[in-house]
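Chain by chain, the residues run as shown.
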Amino acid sequence: RMHKDGLPPLEALRVFAAAARHLSFTRAAEELFVTQSAVSKQVIALESALATRLFERRTRALVLTAAGERLHRSAELAFAEIRAAAVELRGGGEPT
């Protein structure tokens with residue numbers, strides 16, 4: 001479900017970004033320390049909130065749709081900005 005401010009659920013977006021980066025729900029789950037099923041459920045919830053498919057699920061392969069590629073680019077840029085701001089606020093130390 002979309003938030004009233006028009007943003008998709010941020011946790012689902014974070015999970016989607018990991019899955020898109022790896023093109024694997026299993027590797028995304030490992031990165032996020034959750035189950036593959038949890039990743040799948042978050043992606044399905046995000047697809048439902050956006051009313052569009054983000055991945056094409058093939059036998060033993062996961063491929064981003066055009067919408068998925070667009071969202072992935074935007075999410076990675078947004079998360080990079082947030083990461084940079086957090087580093088700056090911590091006094092310029094290396095991100096952990």
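Details of the structure are given in the entry above.
Read on for a plain summary of the structure. (Residues numbered from 1 in each chain as written. Predicted model: local features only at pLDDT ≥ 70, side-chain atom pairs only at ≥ 80, totals over all residues. Heavy atoms only, no water.)

### Some points on the overall build of the chain
A count of helical and extended segments in the chain gives four helices and two strands. When the elements of the chain are put in sequence order from the N terminus, they spell out α-α-α-β-β-α. Projected onto its principal axes, the C-alpha coordinates of the chain cover approximately 45 × 30 × 20 Å. Partitioning the intrachain contacts of the chain with sequence separation of at least 6 by distance along the chain shows that 46% fall at a separation of at least 24. Accessible surface, the chain: about 6,500 Å² in total, of which carbon and sulfur atoms supply 57%. Charged side chains of the chain number 14 positive and 11 negative; the gap between the two group centres comes to 7 Å. (Helix = DSSP H or I, 4+ residues; strand = E, 2+ residues; numbered from the N terminus. Contact = heavy atoms within 4.5 Å. Areas by Shrake-Rupley, 256 points an atom, 1.4 Å probe, with all protein chains shown as cover. Lys, Arg positive; Asp, Glu negative; His and termini not counted. Charge placed at Lys NZ, Arg CZ, Asp CG, Glu CD.)

### Regarding the packing of helix 1 (residues 10-22) against helix 3 (residues 36-50)
At a closest axis distance of 9 Å, the pairing of helix 1 and helix 3 adopts a crossing angle of 115°. As the angle between them shows, helix 1 and helix 3 are arranged roughly perpendicular. For the pair helix 1 and helix 3, the sense of crossing is left-handed. Only V39, Q42, V43 and L46 of helix 3 make contact with helix 1, whose side of the interface consists of E11, A12, L13, V15, F16 and A19. (Axes fitted to C-alpha atoms, helices over the stretch in contact; angles between N-to-C directions. Parallel < 35°, antiparallel > 145°, perpendicular 65-115°, else oblique. Left-handed = near helix turned anticlockwise from the far one by under 90°.)

### What about helix 3?
Counted at 1.5 Å a residue, the expected span for helix 3 with its 15 residues is 21 Å, and the 21 Å between its end C-alpha atoms agrees. For helix 3, the elements touching its buried residues are helix 1, helix 2 (25-32), strand 1 (55-58) and helix 4 (66-89). Taken from the residues just after helix 3, A51 is the one with a positive phi, measuring 55°. (Expected span 1.5 Å × (residues − 1).)

### Points about the environment of R27
On the secondary structure map, R27 appears in helix 2. Sequence separation between R27 and A80 is 53 residues, and the spatial gap between their C-alpha atoms is 20 Å.

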